[in-house]
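Topology and contacts: notes
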Amino acid sequence: MKKILFLLVIAFTTVSCTTYTIPPEDFKAQLYTATDTIPLKDVTISTPILYASRISYKANTIKQIEVTDKEGLKHTLENSPAIEMRVTLKNGKRKTMYFDTVYLKNDTLFALKSKLIQSLQQKIPFADIVKIEVQDSGKDYKYQ
């Protein structure tokens, strides 16, 4: 039993998701287009959950996002339905959402907290955001 527990601990520590950061103003510059908002498209994804094998929702059209790792090195992440984003607000609260659902409108950030329950849309004043982190959750979501 102790060997199994030890192996599980080793597995979880070696298979961690890398978290990247984006300064809020850099994020805003990457998000904005000439129309002041990101055009949204209808997408369908497959999920690993049997009772909800396909989900449709509106997603942004961003192909890639420029991010920075903890050593300060720049990376480019491909947008996918598995990319999660976490914002830290001035009051210390954190909000988690899916990156492909994020868009800006009138200096307010909109995003889905859950793809299964799409009524859980978040609205966050962009001026309240002090930190943005993104990571690939590793969830088996794929665009159809």
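Since the model is a prediction, treat every value here as computed from it, not as a measurement.

Residues Phe27, Met85, Val87 and Leu109 are the most contacted members of the largest nonpolar core, which totals 23 residues. Among the elements of the structure, strand E1 (20-22), helix H2 (24-31), strand E4 (64-68), strand E6 (83-89), strand E9 (108-112) and strand E11 (129-136) are those that each provide at least two residues to this core. Broken down by element, the residue count for this core peaks at 4 residues, all from E6. Ignoring sequence-local partners within four residues, the contact set of Phe27 consists of Ile22, Ile65, Met85, Phe99, Val102, Leu109, Phe126 and Ile132. With 8 residues, the next largest nonpolar core counts Val43, Ile55, Ala59 and Tyr98 among its residues.

The next point concerns the confidence of the model for the chain. On average, residues of the chain carry a pLDDT of 82, and 81% of them reach 70 or more. Put simply, helix H1 (residues 2-14) is where the chain has its lowest mean pLDDT, 48, and E1 is where it has its highest, 96. Note that residues 5-15 has pLDDT below 50 and, in this model, 0 contacts with residues that lie over four places away or in other chains.

Pairing analysis gives 7 bridges linking strand E2 (residues 40-46) to strand E3 (residues 54-60), with the strands arranged antiparallel. When the bridges of E3 are listed, Leu40 appears paired with Asn60. Two elements, E2 and strand E12 (residues 142-143), share 2 bridges in a ladder whose sense is antiparallel. Residue Ile45 lies in a different strand from E12, and its bridge partner there is Tyr143.

As a further point, take a nonpolar patch on the surface. A grouping of Leu116, Ile117 and Leu120 is seen on the molecular surface, where their side chains present a nonpolar patch of about 250 Å² in accessible area. Looking at the secondary structure, you find Leu120 in the loop between E9 and strand E10 (121-125).

The pairing of E1 with E11 spans 3 bridges and is antiparallel. Following the sheet pairing, Ile22 is matched in E11 by Ile132.

Each aromatic ring pair is described using two quantities: the centre-to-centre distance and the angle formed by the ring planes. According to the stated counting rule, one finds 2 aromatic pairs in the structure shown. Here the aromatic rings of Tyr103 and Phe110 are separated by 5.1 Å at their centres, their planes lie at 10 degrees, and the arrangement is stacked. Accessibility expressed as a relative area gives 13% for Phe110, which makes it buried.

The rules we used
- Residues numbered from 1 in each chain as written.
- Predicted model: local features only at pLDDT ≥ 70, side-chain atom pairs only at ≥ 80, totals over all residues.
- Heavy atoms only, no water.
- Core = buried A, V, L, I, M, F, W, Y, C linked by side-chain atoms within 4.5 Å.
- Buried < 20%, exposed > 50% of the residue type's maximum accessible area, 1.4 Å probe, protein only.
- Helix = DSSP H or I, 4+ residues; strand = E, 2+ residues; numbered from the N terminus.
- Contact = heavy atoms within 4.5 Å.
- pLDDT = per-residue confidence, 0-100.
- Pairing = 2+ DSSP bridges.
- Patch = residues over 30% accessible without salt bridge, like charges linked within 9 Å, V, L, I, M, F, W, Y side chains within 5 Å.
- Areas by Shrake-Rupley, 256 points an atom, 1.4 Å probe, with all protein chains shown as cover.
- Salt bridge = Lys/Arg side-chain N within 4 Å of Asp/Glu carboxyl O.
- Phe/Tyr/Trp six-rings, centres within 6.5 Å; stacked < 30°, edge-to-face > 60°.

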